[in-house]
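# Architecture at a glance
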Amino acid sequence: MKFGVAIRKNETDYFVHQSYLYMLKKYGHTYDFITLETNLNSFDAFLLPGGYDIDPIHYNQENYASNHIDYEMDMLDKKIILFAYQTKKPLLGICRGIQSINVFLGGTLKQNIVHHMNENHFISMGNRYMLVNSFHHQSIDKLAPELEVLGTSLDGEIEVIKHKFLPIYGVQFHPELFSFDLNFFFNEL
């Protein structure tokens, strides 16, 4: 299966952390990179990796704690999410990716939480507890109407989501940096 991977832009270059690509290879998938100009029809599935904050204007809030906002990345995430939604193609969002999925499908974010930045913590997925990494200062507030929660941190933050009818998933942590089993997503492909 060929994944389209959204690539982030800095002042001079486009980039994606190699750990995302190793994760896709580990599960037997190929990939290519997506920018705003990319035609999405040649991809079987999509990956939205982590990155900086989404502009709160997209969820009808004033900016009081969002940092390093990049309009182009917001538009790229929105383009990929809406395309995956319309074509029913699989989509996995990691960190910023879960937040983008929620926002661009109608949810909101908490702009600043202090207890999840650079702190490992446990999440609950049904009757299983797992230790995950945590590098985010924002999290889902109001869940988009068509999404459901699969996992939360023990302090109640939403950590894993799924679309109710489509193969769209998101995780707030970074599974590409440790051996978290993503078969709940990859088995749907």
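Structure: above.
Residues numbered from 1 in each chain as written. Predicted model: local features only at pLDDT ≥ 70, side-chain atom pairs only at ≥ 80, totals over all residues. Heavy atoms only, no water.

On to the nonpolar core. Grouped together as the largest cluster of nonpolar side chains are 28 residues, with contacts concentrated most on Phe46, Ile80, Leu91 and Ile101. Looking at this core, the elements with two or more residues in it are strand E5 (45-48), helix H2 (71-87), helix H3 (96-104) and strand E12 (158-163). At six residues, H2 tops the list of elements feeding residues into this core. For isoleucine 80, the residues in contact, after removing those within four places along its chain, are Ala6, Ile34, Leu40, Phe46, Leu48 and Leu91. Formed by 25 residues, the second largest nonpolar core is a distinct cluster that contains Val5, Met23, Ile94 and Met130. (Core = buried A, V, L, I, M, F, W, Y, C linked by side-chain atoms within 4.5 Å. Buried < 20%, exposed > 50% of the residue type's maximum accessible area, 1.4 Å probe, protein only. Helix = DSSP H or I, 4+ residues; strand = E, 2+ residues; numbered from the N terminus. Contact = heavy atoms within 4.5 Å.)

Among the nine residues in H3, nine count as buried, and that is most of the element. Within the span of H3, buried status applies to Arg96, Gly97, Ile98, Gln99, Ser100, Ile101, Asn102, Val103 and Phe104. In the segment just after H3, glycine 106 is the residue with positive phi, at about 110°.

The next subject is the side chain of glutamine 111. Residue placement: glutamine 111 occurs in the loop between strand E7 (109-110) and strand E8 (121-125). Here glutamine 61 takes part through its side chain, which lies 2.9 Å from a polar atom of the side chain of glutamine 111. Here the side chain of glutamine 111 touches serine 66 through a polar contact of 3.2 Å, side chain to side chain. (Polar contact = N/O pair within 3.5 Å; in protein donor to acceptor, adjacent residues only side chain to side chain.)

A few words now on the packing of H2 against H3. Contact pair H2 / H3: the axes reach a minimum separation of 10 Å and the direction vectors enclose 70°. By the angle between their directions, the pair H2 and H3 is classed as roughly perpendicular. Handedness of the crossing formed by H2 with H3: right-handed. Only Arg96, Ser100, Ile101 and Phe104 of H3 make contact with H2, whose side of the interface consists of Met73, Asp74, Asp77, Lys78, Ile81 and Leu82. Class assignment of the residues belonging to the contact of H2 with H3 gives a composition of five nonpolar, one polar and four charged. (Axes fitted to C-alpha atoms, helices over the stretch in contact; angles between N-to-C directions. Parallel < 35°, antiparallel > 145°, perpendicular 65-115°, else oblique. Left-handed = near helix turned anticlockwise from the far one by under 90°. Nonpolar A, V, L, I, M, F, W, Y, C, P; charged D, E, K, R; others polar.)

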